[in-house]
Amino acid sequence: MRLLNAILVLSVAGAALSGCDSLRQAAGLNKKSPDEFAVTTKAPLVIPPDFNLRPPLPGAPPANTLDPSSNAEQALFASNTDPQTVAAGMRGNYTPGEKMFLANAKAESADPGIRARLNADQRAAIQNADRSFTDRVLNSPVTADNGKPVNADAEVNKGRKTGTPKKEESGGWFDWF
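Positions within a chain are numbered from 1, following the residues in the order the chain's sequence is written. Whole-chain, interface and lining totals are the exception, using all residues; otherwise, since this is a predicted model, local features are given only for residues with pLDDT of at least 70 and side-chain atom pairs are given and counted only at 80 or more. Computation of side-chain values: all heavy atoms of the structure, hydrogens and water removed.

Caption draft 1: Expanded view of the overall build of the protein. Only runs of H or I of at least four residues qualify as helices and only runs of E of at least two qualify as strands under DSSP, and these elements are numbered from the N terminus. When its secondary structure is counted, the protein shows eight helices and zero strands. When accessible area is computed with a 1.4 Å probe and restricted to protein chains, residues below 20% of their type maximum are described as buried, those above 50% as exposed, and intermediate ones as partly exposed. Counting only residues that meet the buried cut, the protein has 5% of its 177 residues in that class. In what follows, a contact means two residues having at least one pair of non-hydrogen atoms within 4.5 Å. Within the protein, counting contacts between residues at least 6 apart in sequence, those at least 24 apart form 10% of the total. Computed by Shrake-Rupley with a 1.4 Å probe, the accessible areas treat only the displayed protein chains as cover when residues are assessed. Counting every atom, the protein has about 17,500 Å² of accessible surface; 60% of that belongs to carbon and sulfur.

Caption draft 2: A look at the pattern of salt bridges. Counted as salt bridges are all cases of a side-chain nitrogen of Lys or Arg within 4 Å of a carboxyl oxygen of Asp or Glu. Here the structure, examined in full by the defined rule, presents two salt bridges. One salt bridge in this structure joins R117 and D111, with 2.0 Å as the shortest N-O distance. For R117, a relative accessible area of 47% puts it in the partly exposed group. For E155, the salt bridge identified is with K158, shortest N-O distance 3.2 Å. Placement of both E155 and K158 in helix α8 (residues 152–158) is noted, with a separation of three residues, approximately one turn of the helix. Using a relative accessible area of 41% as the deciding quantity, one classes E155 as partly exposed.

Caption draft 3: Region of the structure containing the environment of S11. Mapped onto the fold, S11 is located in helix α1 (residues 2–17). Side-chain atoms alone can form a polar contact between residues adjacent in sequence; in general such a contact is a pair of N or O atoms within 3.5 Å, and within protein one must be able to donate a hydrogen while the other accepts it. In terms of polar contacts, S11 uses its side chain to reach the backbone carbonyl oxygen of L8, at 2.8 Å.

Caption draft 4: Up close: unusual backbone geometry. A positive phi angle, near 60°, is found at K106, a position not held by glycine. Residue placement: K106 occurs in the loop between α5 (96–104) and α6 (114–127).

Here is the structure:
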């Protein structure tokens, strides 16, 4: 009987202590789920294709630039050249199709100040717009622009009532407290 009581007490104590984290961890009863963010797939190593690229020669000029005399010749006679010649002389990381497109569009002779000129034209058009359109949309009377500045204090006082102001009861929720 004593042995049965001892086993019963030990089993109850073991069940009660199994709720403690440190005992569960020491006994290995904790569930360790995998971290879903730590699991990644690794792509296999791929050897890049060989494009038969040769290293540049020491002291040689870069292959993607023209010499200064060719640049000067192109700048002077670019308008009379055919698009293929212009496309062949274009620098930058463009595909041959993009170079031909830009050459046919005469991109080399584009005016660099065109954006500023277009913005100035647009600003002038907005400033010269018909002011009565706004008055028609807002259904307000047409105001004459006589060039005099507006008196802000007088405009504020236009909407105010004259006389002593009455204290109005708000009737809000905070009046109850």
